[in-house]
Amino acid sequence: IGGNNKIRVIDSTCNTVFVILKKGFDKKYLEREIRIRQEYANLPVPPIKQTGKTGWYSERMICSGCSPDRMNRDSGDQILIETSRKIHQLLIATAQEEKLGLYINKMVASIKDKLKKIAQISDDQKRNILQATETLVMVLEKNADFETDKICTAITHGDFQASNILYDGEKAWILDWEFSRRRQVGNDIFVLILMPRNPKRFECRFLNLLYNEPEGTNKQMLTCWPFLDWKDHDARKISLILFLLEETDFLLEENENLFFHGETLGLSPFMSELQQIIQNLTEGYTCKQN
């Protein structure tokens, strides 16, 4: 079974899955997966059986299951709430406070460093990404004090979407931790609700979440998310704009492979949506989703 940066080979007779890093990808992706299992045993992650020295490991196989987005609405929402609580435990265990300005500087430096290394992205696209990054920082400067304001960060999943959750009838498992690392504490819930990996109409989803009150399960999850001051509109705006920087960095990380001859499919559509978001943020216009 193919994946973003690894393939899974299933041995059903031994209830084992062998996870193998694809050629050209950094070993950090497997190392992150292994570290999560070793350091945070309470997470609902398939246990590792064996770790290889040449870019592979094996884990216990989940025989069958269904993701929340393929279940009926009520059942799927309940699974999302339950797995979100497991993410809460990780956030609480790893939370730390950082100066907002320092965190933004790290994000900008990371984006610039990746753009220097990635050859397959065109110069025009690189200029667009840099300009968008600089504009987002300017918007943040108008809404926050970089010297005194602080942000809560924690170890996040990085790709916490319904397709990476598998319910086997008894337990919900959270899969694919290769993008896990320290980010602002709201990153995972924003990935789940805003669905940026499916960028079509991301602009409207983002602006509706920024300006309008969420409903139903989304509201329930947002209002109880650890360390996320969702009821404060200014804090909400800062967190969401930070997420745009984090998502840009995420997409660039996906492109960090010397064997790639072109940019990944999601980058240009996301940048198109991001340009519209920036225009709306700077001109004060909000989008209403149909």
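Residues numbered from 1 in each chain as written. Predicted model: local features only at pLDDT ≥ 70, side-chain atom pairs only at ≥ 80, totals over all residues. Heavy atoms only, no water.

Points about the nonpolar core
Here's step 1: If you look at the biggest cluster of nonpolar residues, it comprises 79 residues, and the most contacted ones within it are Ile 189, Phe 190, Phe 206 and Leu 242.
Here's step 2: At 10 residues, the largest contribution of residues to this core is made by helix α8 (residues 233–254).
Here's step 3: Here Phe 190 is in contact with Gln 184, Met 195, Pro 196, Leu 209, Leu 222, Leu 228, Trp 230, Ser 239, Leu 240 and Phe 243, once residues within four sequence places are set aside. (Core = buried A, V, L, I, M, F, W, Y, C linked by side-chain atoms within 4.5 Å. Buried < 20%, exposed > 50% of the residue type's maximum accessible area, 1.4 Å probe, protein only. Helix = DSSP H or I, 4+ residues; strand = E, 2+ residues; numbered from the N terminus. Contact = heavy atoms within 4.5 Å.)

Some remarks on the environment of Glu 263
Here's step 1: Note that Glu 263 resides in the loop between α8 and α9 (267–283).
Here's step 2: Glu 263 sits in the partly exposed class, given a relative accessible area of 25%.
Here's step 3: Separated by 143 residues in the primary sequence, Glu 263 and Gln 120 place their C-alpha atoms 5.9 Å from one another.
Here's step 4: Dropping the residues within four chain positions of it, Glu 263 is found in contact with Gln 120, Ile 121, Gln 125, Asn 255 and Ser 268.
Here's step 5: A polar contact is formed between the side chain of Glu 263 and the side chain of Gln 125, at a distance of 3.5 Å.
Here's step 6: Looking at Glu 263, its side chain comes within polar contact range of the side chain of Ser 268, at 2.3 Å. (Polar contact = N/O pair within 3.5 Å; in protein donor to acceptor, adjacent residues only side chain to side chain.)

Quick look at the sheet that holds strand β5 (residues 96–99)
Here's step 1: Pairing is antiparallel across the open sheet formed by three strands, whose spatial order is β5-β6-β9. The strands lining the two open edges of the sheet, one partner per strand, are β5 and β9 (181–184). On average, adjacent strands in this sheet sit at an angle of 40° to one another, irrespective of strand direction.
Here's step 2: Pairing between β5 and strand β6 (residues 150–156): four bridges, direction antiparallel. Note on β6: the bridge partner recorded for Gln 96 is Thr 153. (Pairing = 2+ DSSP bridges. Axes fitted to C-alpha atoms, helices over the stretch in contact; angles between N-to-C directions.)

Comments concerning the environment of Glu 178
Here's step 1: Residue position: Glu 178 is located in the loop between β8 (172–174) and β9.
Here's step 2: It is 8.6 Å that separates the C-alpha atoms of Glu 178 and Asn 5, two residues lying 173 residues apart in sequence.
Here's step 3: Once you skip the residues sitting within four places of it in the chain, Glu 178 turns out to touch Asn 4, Asn 5, Lys 6, Tyr 29, Arg 32 and Glu 33.
Here's step 4: Separated by 3.2 Å, the side chains of Glu 178 and Lys 6 make a polar contact.

Focus: the pattern of salt bridges
Here's step 1: As enumerated under the stated definition, the model contains 21 salt bridges in all.
Here's step 2: With its nearest N and O atoms 3.7 Å apart, the salt bridge here joins Lys 28 to Glu 256. Taken together, the residues span a long stretch of sequence, with Lys 28 in helix α1 (residues 28–39) and Glu 256 in the loop between α8 and α9 at a distance of 228 residues.
Here's step 3: The partner of Glu 253 in a salt bridge is Arg 32, and the shortest N-O contact between them spans 2.8 Å. Here Glu 253, found in helix α8, pairs with Arg 32, found in helix α1; they are 221 residues apart in sequence, far enough to count as distant.
Here's step 4: Linked by salt bridges that have partners in common, Lys 6, Arg 8, Glu 33, Arg 37, Glu 59, Asp 176 and Glu 178 make up one network. (Salt bridge = Lys/Arg side-chain N within 4 Å of Asp/Glu carboxyl O.)

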